[in-house]
Amino acid sequence: MQFQLTEDQQLLRDTVRQFVEKEARSSAAERDEHAEWPTELVQKMGEMGLLGVAVSEEYGGAGLDYISYALVIEELSRVDSSLGVIASVNNSLVCYGLEKFGTEEQKRELLVPLASGRALGAFSLSEPGAGSDAASQKTTARREGDAYVINGVKNWVTNGDHADTIILMAMTDPSKGYKGITAFLVDTNEPGCSIVKVENKLGIRSAHSCQMAYDNFRVPTWRRLGEEGQGFKIAMTILNAGRIGIAAQALGIAQGAYEAALSYAKVREQFGQPIADFQAVGFTLADMATRIKAARLLTYEAAWRKDQGQDYIRDAAMAKLFASETAMWVTTKAIQVHGSNGYSKEYPVERFFRDAKITEIYEGTSEIQRLVISREIVKD
Ligand code: CAA
């Protein structure tokens with residue numbers, strides 16, 4: 001058993017850490033306040049290979065493993081988790097799905113620009129009536145000659161207003177239930193696809209989440225991902241990998257909040273001593289560090305299993321469940337350690353706290369993760 005990152009993994013982690021410390025930390029609060037999309041930072045992430053970390057070099061990616069991918073998302077999120085989710089969606093919800101299920105033509109035409117940072121991707125499964133019950137898709141795709149005609153509304157499309165390509169699920173045969181769902185690679189520059197609204201959110205505010213409408217939107221057949229009826233399985237497979245990314249995002253948020261609390265507790269004095277020297281605060285910091293370490297081990301192990309070609313559905317769900325609940329717990333305590341200062345936007349912990357919540361919700365709520373885990377362990 002090996003608990004050490006490789007030299008390459010450490011170098012990558014340090015490189016991403018330096019990048020966000022230098023280029024993202026000082027502006028993160030401002031971007032959050034104004035829900036400002038980080039145009040230049042996304043471009044730089046692309047140039048650094050952070051948008052296609054685990055995609056093979058042949059298709060424009062960095063050709064690294066999934067542990068490296070988790071490290072990237074963790075480090076981005078330790079400073080600004082909006083950057084974390086923007087990168088996570090492109091890496092695992094889009095590039096991974098395209099590399100796994102795409103045709104050679106789709107990979108050459110679409111994956112290469114997405115993985116190399118020349119284009120950005122989004123993933124579109126959720127609808128007004130299809131959240132946890134992802135199979136109840138109302139968006140339809142009707143075959144017409146050499147194209148499909150898409151009609152419907154999609155919710156919570158992260159990166160939606162900046163995406164060039166969207167992996168979109170739609171019903172090609174409603175009579176077949178989830179076996180009637182098909183995946184498409186939507187070109188957002190084509191007419192018939194529009195942004196209804198960009199959500200005004202509690203957290204991850206500079207990563208935009210959109211409601212999008214499709215009105216007789218035509219997708220040529222070469223842009224169908226997989227076969228007709230395979231869309232639900234494709235979506236679930238993509239989400240398994242995505243959950244490792246969200247676990248890493250939650251881990252980074254928890255780590256960032258913990259570091260802020262630790263630094264604060266060492267310098268903030270009350271009753272004539274640093275508050276870190278009070279047992280109540282010291283024990284809180286000890287619990288934070290312990291839970292974060294457990295979340296990190298779960299996350300890296302899920303990534304490692306994926307790298308080894310082992311089953312990881314249960315492990316990704318466990319990592320996501322535990323890391324996201326850790327992020328919520330740690331950020332709540334980080335505010336408590338800061339006292340009233342933690343409630344102020346002058347300090348970063350309230351942003352970490354707001355950002356943490358979504359990790360318990362998207363790419364499957366904690367309740368759905370428990371469902372996935374329980375089904376997996378019962379069938380074993
Ligand atoms: N991996 C692979 N296959 C899976 C799977 C998984 N995790 N979960 C289900 N499947 C397969 C099943 O094996 C079954 O396939 P077969 O026909 O071959 O047997 C098929 O899918 C149907 O499965 P179920 O009968 O279990 O389907 P269900 O409807 O009862 O439940 C669910 C499925 C687990 C609840 C699923 O709907 C789910 O994961 N819901 C959560 C959806 C979600 O995570 N949404 C996030 C949207 S993306 C997002 O957050 C936006 C963003 O941009 C970040």
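No experiment lies behind these values; they were computed from the predicted model shown.

(A) Region of the structure containing the overall build of the protein. Check the secondary structure of the protein and you find 11 helices and 10 strands. For 380 residues, the compact-globule formula gives about 21 Å, and the C-alpha radius of gyration of the protein, at 21 Å, lands near that figure. Once the C-alpha set of the protein is aligned to its principal axes, its extents read approximately 80 × 45 × 35 Å. Looking at the 380 residues of the protein, the share that counts as buried comes to 55%. A fraction of 74% describes how many contacts in the protein between residues 6 or more apart in sequence connect residues 24 or more apart. Surface summary for the protein: the accessible area is close to 16,600 Å², and the carbon and sulfur share equals 50%. Once the 42 positive and 51 negative side-chain charges of the protein are each reduced to a mean point, those two points are 4 Å apart.

(B) Here's a closer look at the packing of helix α5 (residues 81-101) against helix α7 (residues 231-267). Close contact between α5 and α7 brings their axes to 9 Å; oriented N to C, the two are set at 155 degrees. As summarised for this structure, α5 and α7 are arranged roughly antiparallel, according to the angle between their axes. Crossing of α5 over α7 shows right-handed handedness. Between α5 and α7, the contacting residues are S81, V85, S88, S92, L93, Y96, G97, K100 and F101 on the first element and I234, T237, I238, L239, A241, G242, G245, I246, Q249 and I253 on the second. In terms of residue class, the contact of α5 with α7 is made up of 10 nonpolar, 8 polar and 1 charged.

(C) A look at the domain arrangement of the protein. With domains assigned, the protein is organised as domain 1 (7-120), domain 2 (122-229) and domain 3 (233-379). Taking only C-alpha atoms into account, the centre of domain 2 sits 30 Å from that of domain 3. If you look at the interface, domain 2 gives 13 residues, while domain 3 gives 13 residues. Between domain 2 and domain 3, the buried area comes to about 960 Å², and carbon and sulfur atoms account for 79% of it. If you sort the residues of domain 2 by the area they bury against domain 3, F123, L202 and I204 come out on top, with a joint share of 48%. For the interface between domain 2 and domain 3, the tally reads 2 residue pairs in polar contact (both at pLDDT 80 or more). Taken together, the residues of the side of domain 2 that touches domain 3 break down into 9 nonpolar, 3 polar and 1 charged.

(D) How the structure looks around a nonpolar patch on the surface. On the surface, a cluster of nonpolar side chains totalling about 450 Å² of accessible area is made up of M1, F3 and L297. Mapped onto the secondary structure, L297 falls in helix α8 (residues 279-307).

(E) Fine view of the layout of surface pockets. Taken as a whole, the largest pocket encloses approximately 1,300 Å³ of empty space. If you go around the largest pocket, you meet 43 residues; those closest to its centre are G131, L239, R243, E363 and G364. Only α5, β1 (121-124), β3 (147-158), α7, α10 (349-359) and α11 (366-379) provide two or more residues apiece to the lining of the largest pocket. Broken down by element, the lining of the largest pocket gets its largest block of residues, 7 residues, from α7. When its residues are assigned to classes, the lining of the largest pocket shows 21 nonpolar, 12 polar and 10 charged. Lining the lining of the largest pocket are residues from two domains, each supplying at least three of them: domain 2 (122-229) and domain 3 (233-379). Its boundaries defined by the atoms lining it, the second largest pocket holds a volume of some 840 Å³. Q2, F3, Q4, L297 and Y300 are, among the 25 residues lining the second largest pocket, the residues nearest its centre. If you list the elements that add at least two residues to the lining of the second largest pocket, you get α1 (7-23), α4 (66-79), α7 and α8. It is α8 that contributes the most residues to the lining of the second largest pocket, 7 residues altogether.

(F) Representation of α10 in the model. With respect to burial, α10 is a largely interior element, 9 of its 11 residues being buried. V349, E350, R351, F352, R354, D355, A356, I358 and T359 are the residues of α10 that are buried. Tucked inside the fold, the buried residues of α10 contact α2 (25-34), α4, α5, α7 and α9 (313-338).

(G) Summary view of the nonpolar core. Counting residues in hydrophobic clusters, the biggest one holds 97 residues, and the most contacted among them are M45, L76, F123, I167, M169 and M288. The dominant element in this core, judged by the number of residues it contributes, is α7, at 20 residues. When neighbours within four sequence positions are excluded, I167 is seen to be in contact with L93, V94, L98, A122, F123, S124, F184, L185, L225 and I238. Formed by 17 residues, the second largest nonpolar core is a distinct cluster that contains A141, C193, F217 and V219.

(H) Just the environment of G177, in detail. Inspection of the secondary structure assignment puts G177 in the loop between β4 (165-171) and β5 (181-187). When the C-alpha positions of G177 and Q255 are compared, they lie 42 Å apart, and in sequence the two are 78 residues distant.

Rules behind the numbers
- Residues numbered from 1 in each chain as written.
- Predicted model: local features only at pLDDT ≥ 70, side-chain atom pairs only at ≥ 80, totals over all residues.
- Heavy atoms only, no water.
- Helix = DSSP H or I, 4+ residues; strand = E, 2+ residues; numbered from the N terminus.
- Rg over C-alpha atoms; globule rule 2.2 N^0.38 Å.
- Buried < 20%, exposed > 50% of the residue type's maximum accessible area, 1.4 Å probe, protein only.
- Contact = heavy atoms within 4.5 Å.
- Areas by Shrake-Rupley, 256 points an atom, 1.4 Å probe, with all protein chains shown as cover.
- Lys, Arg positive; Asp, Glu negative; His and termini not counted.
- Charge placed at Lys NZ, Arg CZ, Asp CG, Glu CD.
- Axes fitted to C-alpha atoms, helices over the stretch in contact; angles between N-to-C directions.
- Parallel < 35°, antiparallel > 145°, perpendicular 65-115°, else oblique.
- Left-handed = near helix turned anticlockwise from the far one by under 90°.
- Nonpolar A, V, L, I, M, F, W, Y, C, P; charged D, E, K, R; others polar.
- Domains from an automatic or database assignment.
- Buried area = accessible area lost by both parts, 1.4 Å probe.
- Polar contact = N/O pair within 3.5 Å; in protein donor to acceptor, adjacent residues only side chain to side chain.
- Patch = residues over 30% accessible without salt bridge, like charges linked within 9 Å, V, L, I, M, F, W, Y side chains within 5 Å.
- Salt bridge = Lys/Arg side-chain N within 4 Å of Asp/Glu carboxyl O.
- 1 Å grid on protein atoms, 1.4 Å probe; cavity = no way out; pocket = protein on both sides within 12 Å on 5 of 7 lines; lining within 4 Å.
- Points joined across faces, edges and corners; volume = space filled by probe spheres on them.
- Core = buried A, V, L, I, M, F, W, Y, C linked by side-chain atoms within 4.5 Å.

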